[in-house]
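Residue-level structure breakdown
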Protein chains: 4
Amino acid sequence: MRFFSDNAAAAHPKVIEAIAASNRLDTAYDGDEWSQRLDDAFSELFEKEVRASWVATGTAANCLGLAALCPPYRAILCHRDAHIEVDEAGAPGFFTGGAKLILLDGPGAKVAPDAVAAACNAIRADVHQVQPAALSITNATEYGLVYRGSEVAELGKLAKERGLAFHMDGARFANALAATGESPADVTWRAGVDVLSFGFTKNGGLNAEALVLFKTELAEEIAVRRKRAGHLASKGRMLAAQILAMLDDNLWLDNARAANAAAQALGKAVPDRLIHPVEANELFLRVSDEEAARLRAQGADFYEWGPGQIRFVTSWDSDDRSVDKLAAALATL
Amino acid sequence: MRFFSDNAAAAHPKVIEAIAASNRLDTAYDGDEWSQRLDDAFSELFEKEVRASWVATGTAANCLGLAALCPPYRAILCHRDAHIEVDEAGAPGFFTGGAKLILLDGPGAKVAPDAVAAACNAIRADVHQVQPAALSITNATEYGLVYRGSEVAELGKLAKERGLAFHMDGARFANALAATGESPADVTWRAGVDVLSFGFTKNGGLNAEALVLFKTELAEEIAVRRKRAGHLASKGRMLAAQILAMLDDNLWLDNARAANAAAQALGKAVPDRLIHPVEANELFLRVSDEEAARLRAQGADFYEWGPGQIRFVTSWDSDDRSVDKLAAALATL
Amino acid sequence: MRFFSDNAAAAHPKVIEAIAASNRLDTAYDGDEWSQRLDDAFSELFEKEVRASWVATGTAANCLGLAALCPPYRAILCHRDAHIEVDEAGAPGFFTGGAKLILLDGPGAKVAPDAVAAACNAIRADVHQVQPAALSITNATEYGLVYRGSEVAELGKLAKERGLAFHMDGARFANALAATGESPADVTWRAGVDVLSFGFTKNGGLNAEALVLFKTELAEEIAVRRKRAGHLASKGRMLAAQILAMLDDNLWLDNARAANAAAQALGKAVPDRLIHPVEANELFLRVSDEEAARLRAQGADFYEWGPGQIRFVTSWDSDDRSVDKLAAALATL
Amino acid sequence: MRFFSDNAAAAHPKVIEAIAASNRLDTAYDGDEWSQRLDDAFSELFEKEVRASWVATGTAANCLGLAALCPPYRAILCHRDAHIEVDEAGAPGFFTGGAKLILLDGPGAKVAPDAVAAACNAIRADVHQVQPAALSITNATEYGLVYRGSEVAELGKLAKERGLAFHMDGARFANALAATGESPADVTWRAGVDVLSFGFTKNGGLNAEALVLFKTELAEEIAVRRKRAGHLASKGRMLAAQILAMLDDNLWLDNARAANAAAQALGKAVPDRLIHPVEANELFLRVSDEEAARLRAQGADFYEWGPGQIRFVTSWDSDDRSVDKLAAALATL
C-alpha cells in the first residue's frame, strides 16, 4: 500500500520500450527524429501551433519558463503553497536571477482572481517596490484541486489586464484534464496561459517533462536558457521518445484516469476525513497520531503532511488490491 | 561511417537493461537503493572516501562543481578552448552567479603550469581586478590529448600554492585513463584535484554523469545546488543504475578502450595529416575542402572543425567495418 | 510643516563643511586619510575592533552585508514590513544572487524570537526547501519602534542556536540609541549582531552610511563586493569625511535626540490617535480622509501610509515652530 | 607633481558650491528640482530627446547600461583592456546576471570594426556558444586615444548590421570631445550609440556620473535597476546639482581642455618616449626602472603601468608649475 508519492512510481512499460527503441545513433541534442516531432505532436494536441521542448524535471520546466516571463527585477505571483515556492529549493530565484515570489492565500492552494487583484493593488507603482510580471498557478494544485477552463480564463483575463504573463505548472496537468474532461486547449491558451509545464514523470514517464510555449516567440530564448542551465541532454531523443510514447494513443490520459479513479475510491472510503475534495490523484486526511500509526502498522505508506494531516497520492499503476486494502483500512478509522 | 560525435552514439545495452531493471517503485530523488550505492562504488574506484552524485549532463556536472569552488566575484582559469568556455552557453556564469573565466593558451587545449602562473601573476591583488579562485582542466582535452598523473600533479601543486581549487572536466575521463593505464586516484585526488566531472554519456551511458567530490565537505552544498538547478530527478534511480552498470566489471574502461583503439586505427591510416597526436578517441586532420567533400561522398560523417580542419570521434560502438572503411578512405587522401 | 521623510531633509552644515574640507587631491577610492580612519573611529565607538566601510545608500549597506552572510541558495528571515522586503526593489535578491526572504509577522515591524523559531521549525531540513542562513532586523523598526539590547540579545542567542548570521538594518540606529540611551556595543555585537548598517543619511548626512562588520573576517569579501556593485567611489574621502563629521562630538546622537524629541512633542499632542508608541522619530496616526485633507490644507506634509493611516517623520532639523504648529493642528483633530 | 590619476583630483569649487546650494529639504530620490532638470539639460546638449540619470560611479553607469542592453545569456564585445573587463571587479557579470565579455585586441585599447566582425564571425550560431548582444567602447580609451565621430559611426553601422546594442564608456568623454572639437551628438547617437556613461567625476565632479539613454525606452528599466543596485541616493539632488554645475557654461569642456593641454605640454617634452599618441589627458611612457626612480626622487607621482612603462594622468586642476616642472624632468630623461 505505497501511496507516498506519484514521483516514486515506476515508469510505464511503453515508456521503457520507447527509450530502448530510440537507442541508436542519431543527431545529438534535439536534432534527432523524436525531438523534431514534438512541436507537431503538441500543436495537434493543443489545436494551435505551439513550440515544445523536453526537459528532465518539473523544476527545470517551471523555472525555465518563468525566467523567460519575468525579468530579474520583477515578481511572480503564486500561491503560498505552490511547488515553485515550497519545493524547488529557490530555483525560481536562481533561474530568473533574483526575481521575487509574491505569495497568495486561498483554500486548496488555488489562486482566486480576487487574491491576484488584491496583491497587485497593494504594490505601489514606483521603483522601490518590486512590480509583478507574471502569474503562476498549479493545475492540479498541490492539494489535488482542479481548475476548470472557465476559472483559468478568469485569471487569464485579469493577468492580461494587469500586464502579467501567465504560467501553469502542470506537473499533474494530465490528472486535471482527466478529472474534468476538458480539452487541453480550453484549460491553457484559450484561457490566456502563455507557458505550460506539462508533466509526464509523475504520470508514467521516467524523467521527461514538456515545456509547452503558446507564446511561440519565446522558443529561441528558452532553447538558450535550457542549454545554459545544463538541461540540453546530448541524447535528447531518449526524453522525446518518452513523451511521444505518453502522447501515443492518449496513454497520458489513460494513466491519469487510472490514478484519479484510485483516488476517488479511497476518498469514498473516508468522506468525512477529507481536508480537500478529491478531484485529481491526491487525498489529504485528518487523522490522529494514533490513527496514523495504525495505518502504518497495516502496511500503508503515506506522507505526514503536517500535524494531524496525512497525504496519499495514487498513481497510474496503483493496483486494485492495494487500493481496496487501503480503502478498507481507511473505512475503519 | 558516422564519426561526428560520441555524444550521438547509442547507449550500451547493459545500460538500457539497467534502466529497465531499476524501473520499479522506490524512494524518490536519490533515496533509492541505486543512488545510495554511488558513494561506495566511487570510493572503491578512487581508493578514498568520496561523495558522488548523478547529474544528467556534463554541463551540469561541470558547473555545479565550479559553483561550489568559485564565488560569484572571483574567476576560474581554464583553457581558451575548454568546453566550459566554448560550448556551454555561458553556463559557468549562470551557475556561479557571474564568475569570470580567465582564458589560457596552450597547444592541444592542454593547460601548462607556466600558463597558469603567468595568468595569476598578471592580476593585481586589489579589489579592482577579479582574483582567481579555481583552475579547471579537461581530461582528455577537447583535442583528445591526455594528462598523465604527473602532469596533473604539477598543476595541482601550483593550484595549492596559489590558493586555487582544482576541477577536472572528465567528459572523456574514461578515454584518458584507458590511454595511459593510470589509476583513477593517481590522475585526480592524489594529484590535487578537488572535484571531478566523470562522464559516462559519451562512453555508453544514456544520460548520466557523476560529479565526484574528493573534497567531501562540499557534498551538502552540491546537493542543494543540484536541486535548485532543476537537476534532482525524481526517479534518480534510473541515473544511478546507468552509472552502476557502467562501473560494473569495468564496462566504462572496456568501452573507452574500444573507442581509443578505433581512433588509433584511424590515426595510423593518416599519420601525416594529424593536427594533434591521437591519444584518446578524437582525431583532428588537415584536409582541403575538396578532400573533405570526397570523404563525405564516400559516406563519412564528421565535424568541420574550422577552415581546413575536420574532426572524427570514435565511440565505444564504432564497428570494425566502419573503422576499416574510413581508414581506407583516409589512406587515399 | 514638512514631515514626509527624514530622507528628504537637508544635511547638517558640519557635513557639508567636512565635504568641502576633504576636497583636495588624495589617494583615490578608500586609500585617503579620512577613509583610513573609519576602522578606528568605529572600533572606539563600539568598544571592540571592527571593520567599517562607507557606502552611499542604505540599500547598498544592507544588501552587501546580507550577501556576505547568506549564500544564493539559502534564505534571510525578516519582518514582512522590513525595508529590505518592501522598499529595496528586490535588492537582496540581486546582491545575494537569488536568496529568499522569509517573512515574519509581528506588531510594529518588530521581530520576536517566537516568530523566528516558528519560521525555522516550519522548514523541512531537506534540499527541497530553502534553509535559512541569516536573520535581519531593523532598529529602529519601520514603525519607529526600538529594540532594547536585551531584546536583541534574545534574538542573537536564538540566531546562534539556529546557525543564523545576524544583521541589523540601522538606517535609524541613531534614533534607536537616542531613545534608550543604551550603548552601541550593547545593542549590537554584545547581543550577537554580526553586521550593522549604520545609517547617517537620514540623520544629517548627505549620502553616507557605514557598513560595520563585527565579524571582521568578512572585510575582504565586502570590499570586493562593494567594488563589484559599483559602490567604490573614487573620491571616497568625501563619504568618509561625512561620517567622521557625524561621529565627531557625537553629532549623530545629538541629531537623533533632536528628531526624537520632535516626535515626542507631536505624539503628546495626539496620544489617542497613535497606531504605534512613539519611540524614535516616526508617528503613525489613524485619521479619516477628511482629517488628512484638513491637515494638508493647514500646510502639513506627510506620507499616506495606508487607508486611514498617515505617517509623520521628524528629522534632526525639524524646527520648533513647525513642530509646535503641527502639534497644534493635530491636537484639534 | 601628482599625476597618478584624475580619479584622485579635487572637485571643482563650483561643484562643491552646487552641493551646498542644493542642501535643503526637497523631494527625496530623484523627485527634486535638480534631478528633474537632467533630461532637459542633456537633451539640449545632445540636440535630441534623451533620458539621463545620475549615478555615483562609472562602474555603476557602465554596468546598469550594459545590463539593460545584454541579457544574462548573451555577450558583450569589448577591448581586452576595457575598464569593464580589467578594472570593475567583474561588475558586468554581476549586473547582467552572468553575461560574458568577449575580448577584442587592437592598439591603444581602440576597437576596430574588423576586430568586431572577426569576433562575431568566429561564433557558431547555435545554443552552445554565447551569442553577442552588445558592443562597448571606451572614449577616450584606457590609453588616452580618442574616437572621431566617423570612427564611432563605422562601429555603429556594424553593430546595427550584427544586431548589437552599442554602449560607450565615456569616463573621459569630456576629454575626448575637447580633443576633437566634435559635437556630443556626432560622437554618440548620430554614430549609433544607444547608451552613454558620461563621466564627470574624473573631470571636476565629486561623485556624479550621468547615464545618458539615447534609446529612451530603456529609462524605466534603468530606473528600477538603479534602485535595485542600491544606487538610488535619497538625497539625489546633490548628485544632480554637481552635474548641472558641470554643464553650466560648459565647465565640463573647459576642465577637459585644461587637462588635455597639460597632457600636450608633457607629451611635447618627451615625444620619443610615448607609447601612444597623446590625444586626451593620459601619457604612457617607456622608461627604465632607473629613470622611473629618478622621476620619483624628483617628486613625480605616477602609475607603474607595467614593466618599463609608466602612466601620467593630468586633470582639470593640474597646475602650470607642476606641469612645467614635470616637463623639465621628463626632458632630461
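The structure under discussion appears in the preceding block.
Heads up: these notes are all about the structure in this document. (Residues numbered from 1 in each chain as written. Chains lettered and ligands numbered in written order. Predicted model: local features only at pLDDT ≥ 70, side-chain atom pairs only at ≥ 80, totals over all residues. Heavy atoms only, no water.)

1. Considerations on the state of the cysteines
Counted by the stated rule, this structure contains zero disulfides over all chains. In this structure Cys70(B) is a free cysteine whose sulfur lies 11 Å from that of Cys78(B), the closest cysteine sulfur available. Given a relative accessible area of 1%, Cys70(B) falls into the buried group. You can see Cys63(C) has no disulfide; the closest cysteine sulfur is in Cys78(C), sitting 10 Å from it. In this structure Cys63(C) comes out as buried when scored by relative accessible area, which is 0%. (Disulfide = S-S within 2.5 Å. Buried < 20%, exposed > 50% of the residue type's maximum accessible area, 1.4 Å probe, protein only.)

2. Regarding the interface of chain A and chain C
Listed per partner, the contact involves 15 residues of chain A and 15 residues of chain C. Note on chain A versus chain C: buried area summed over both sides is about 1300 Å², and carbon and sulfur give 36% of it. The tally of links between chain A and chain C comes to four salt bridges. The tally of links between chain A and chain C comes to twelve residue pairs in polar contact (both at pLDDT 80 or more). When the residues that make up the side of chain A that touches chain C are grouped by side-chain class, the tally is five nonpolar, five polar and five charged. (Contact = heavy atoms within 4.5 Å. Buried area = accessible area lost by both parts, 1.4 Å probe. Salt bridge = Lys/Arg side-chain N within 4 Å of Asp/Glu carboxyl O. Polar contact = N/O pair within 3.5 Å; in protein donor to acceptor, adjacent residues only side chain to side chain. Nonpolar A, V, L, I, M, F, W, Y, C, P; charged D, E, K, R; others polar.)

3. A few points about the packing of helix H1 (residues 13-21) of chain C against helix H11 (residues 237-247) of chain C
Residues and elements named next belong to chain C. At a minimum axis separation of 8 Å, H1 and H11 run at an interaxial angle of 140 degrees. On the basis of the axis angle, H1 is oblique to H11. The way H1 lies across H11 gives a crossing that is right-handed. In contact with Lys 14, Val 15, Ala 18 and Ile 19 of H1, H11 contributes Met 238, Ala 241, Gln 242, Ala 245 and Met 246. Its residues assigned to classes, the contact of H1 with H11 shows seven nonpolar, one polar and one charged. (Axes fitted to C-alpha atoms, helices over the stretch in contact; angles between N-to-C directions. Helix = DSSP H or I, 4+ residues; strand = E, 2+ residues; numbered from the N terminus. Parallel < 35°, antiparallel > 145°, perpendicular 65-115°, else oblique. Left-handed = near helix turned anticlockwise from the far one by under 90°.)

4. Comments concerning the side chain of Glu142(A)
Residues and elements named next belong to chain A. Within the secondary structure layout, Glu 142 lies in the loop between strand S4 (132-138) and helix H7 (149-162). As a buried residue without a salt bridge, Glu 142 has its nearest oppositely charged side chain in Arg 172, at a separation of 6.9 Å. Polar contacts involving the side chain of Glu 142 include one to the main-chain amide nitrogen of His 83, which spans 2.8 Å. Looking at Glu 142, its side chain comes within polar contact range of the side chain of Thr 138, at 2.8 Å. In contact with Glu 142, not counting residues within four places along its chain, are Asp 81, Ala 82, His 83, Ala 109, Glu 282 and Phe 284. (Lys, Arg positive; Asp, Glu negative; His and termini not counted.)

5. Concerning the pattern of salt bridges
Residue and element names in this part refer to chain D. Taken as a whole and judged by the stated rule, the model has 88 salt bridges over all chains. One salt bridge in this structure joins Glu 33 and Arg 24, with 2.7 Å as the shortest N-O distance. Note on Glu 33: relative accessible area 36%, which makes it partly exposed. Linking Asp 39 and Arg 51 is a salt bridge whose minimum nitrogen-to-oxygen distance equals 3.1 Å. Within this pair, whereas Asp 39 is found in helix H2 (residues 38-46), its partner Arg 51 is found in strand S1 (residues 51-55), the two being separated by twelve residues in sequence.

6. A short note on the interface of chain A and chain B
Contacts between the two partners involve 44 residues from chain A and, on the opposite side, 44 residues from chain B. Summing the contributions of chain A and of chain B, the shared interface buries around 3800 Å²; its carbon and sulfur component is 57%. Considering only the side of chain A, the residues that lose the most area to chain B are Phe94(A), Arg228(A) and Lys235(A), jointly responsible for 20% of the buried surface there. In this structure, the connection of chain A to chain B is made through zero salt bridges. At the junction of chain A with chain B, the criterion picks out 32 residue pairs in polar contact (both at pLDDT 80 or more). Of all elements in the fold, only helix H1 (13-21), helix H3 (58-69), helix H5 (91-96), helix H10 (219-228) and helix H11 (237-247) of chain A reach the threshold of two or more residues within the side of chain A that touches chain B. Broken down by class, the residue content of the side of chain A that touches chain B amounts to 21 nonpolar, 13 polar and ten charged.

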